[in-house]
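If you want the building blocks of each chain, they are given just below.
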Amino acid sequence: MLLLTLAGCAATPGNAQAPGGTETRTVTDVEGTEVQVPSRPRRVVTLSEPTLDGALALGVTPVGTVTGRGQQTVPNYLADQAGDIPILGGVAQPNFEAIGAAKPDLILVDGTSINNNPPVVEALRQIAPVVYTGYAGGDWRVNFRQVADALNLVEDGERVIAEYEAHAAAGQEALSAYADQTFSVVRWQGTSASLILKELLPGQALEDLGLGRPPSQDRTGRGHAEPVSLENLQDADADWMFFGTLGGSSVSNPDAGGTADLAGAREALDEAVAVPGFTQLHAYQNDRIVLVDGSAWTSTGGPILMNRIIADVEEALLGT
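Residues numbered from 1 in each chain as written. Predicted model: local features only at pLDDT ≥ 70, side-chain atom pairs only at ≥ 80, totals over all residues. Heavy atoms only, no water.

Below, the discussion takes up the packing of helix α2 (residues 49-57) against helix α6 (residues 140-150). Axis separation between α2 and α6 bottoms out at 9 Å; the angle between their running directions is 60°. The orientation of α2 with respect to α6, classified from their angle, is oblique. Judged by the twist between their axes, the crossing of α2 over α6 is right-handed. Residues P50, T51, G54, A55 and A57 of α2 pack against N143, F144 and V147 of α6. (Axes fitted to C-alpha atoms, helices over the stretch in contact; angles between N-to-C directions. Helix = DSSP H or I, 4+ residues; strand = E, 2+ residues; numbered from the N terminus. Parallel < 35°, antiparallel > 145°, perpendicular 65-115°, else oblique. Left-handed = near helix turned anticlockwise from the far one by under 90°. Contact = heavy atoms within 4.5 Å.)

Before going further, it helps to examine the environment of V290. Here V290 is to be found in strand β10 (residues 289-291). As for V290 and G244, which are separated by 46 residues in sequence, their C-alpha atoms are 8.6 Å apart. Excluding its chain neighbours within four sequence positions, the residues that come into contact with V290 are W240, M241, F242, F243 and A316.

Quick look at helix α5 (residues 118-125) now. Within α5 the residues assigned to the buried category are V120, V121, A123 and L124. For α5, the buried positions fall inside an angular range of 160° around the axis, keeping them on one side. (Buried < 20%, exposed > 50% of the residue type's maximum accessible area, 1.4 Å probe, protein only. Arc of directions from axis to C-beta.)

Time to look at the pairing of strand β9 (residues 240-244). Within β9, 5 of the 5 residues are buried, which leaves the element mostly enclosed by the surrounding structure. Of the two faces of β9, the one holding W240, F242 and G244 and the one holding M241 and F243 are both buried throughout. The pairing of strand β6 (residues 183-189) with β9 spans 5 bridges and is parallel. Its bridge partner being in β9, R187 is matched across the sheet by G244. Across 3 bridges, β9 lies against β10 in parallel orientation. Following the sheet pairing, M241 is matched in β10 by I289. (Pairing = 2+ DSSP bridges.)

Across the protein chain, the average pLDDT comes to 89, with 88% of residues at 70 or higher. Low pLDDT (under 50) marks residues 1-19, which in the prediction has 36 contacts with non-local residues, meaning those over four places away or in another chain. This model gives residues 249-254 a pLDDT under 50, and the stretch forms 11 contacts once residues within four places in sequence are excluded. (pLDDT = per-residue confidence, 0-100.)

This is the structure in structure tokens:
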């Protein structure tokens, strides 16, 4: 039924090639699929936070994108750069009719959005060439390099990565005095905490900075966060805590309300202190809870997000 629906909304039904007369090239996506794409894509649609972040980092403004997870707009941390980009559905529920109407010549997706759903990928391929760029929980550099390749901007992509590596190396040196302390990353949801583990982008950034995690978070796991029970609330504790929220929303319930910005984090902290045991955490008692934008710290993205996290850490610990 999905494929039949698309018959009326695709710009060129059944054609996975670039528009007629446009020069094309072959790229191989993260799954090993060869895809014919325009040599110079001009109407790019990004259907995830990492692909939107990656395109913007390369100077490409998509003609359409999806909402950030748990949000009703583009990811809050990208609002200044992407606030005017048309929304073509939610991160887990793209609007195929709207995507077709945008007449893309390239669609970028990854495992943080459609999660390698073959029927969805096939449906999108009826609209335009689709490049699958990466998996949830994978190295952001792999995803970003796939985005850069699809956009024929490989050299620019390597420059962006090199600039991030230099930023991280400088930050690690400046933060060497904190090497023996631990840093928790918490997404507060309603009345409980979810822990951001090592494979997620904040975990990767902290590792790049040489900053340690508490035992409960010094590991990898599945999903974007691991919830803890109130009885195990101490698992969220550390010398320092970076504390954010996506409001009351989630991918499956984006209309639950709340915000992902610093104001939302303040409201969530007010809720947290009312939970038994939270005020007994060392990070709270030592006034070492750092409020952060949850769209950057508790979700996913690319090089813009990674640089944002490092800048937030430097500001919190060094005042820079």
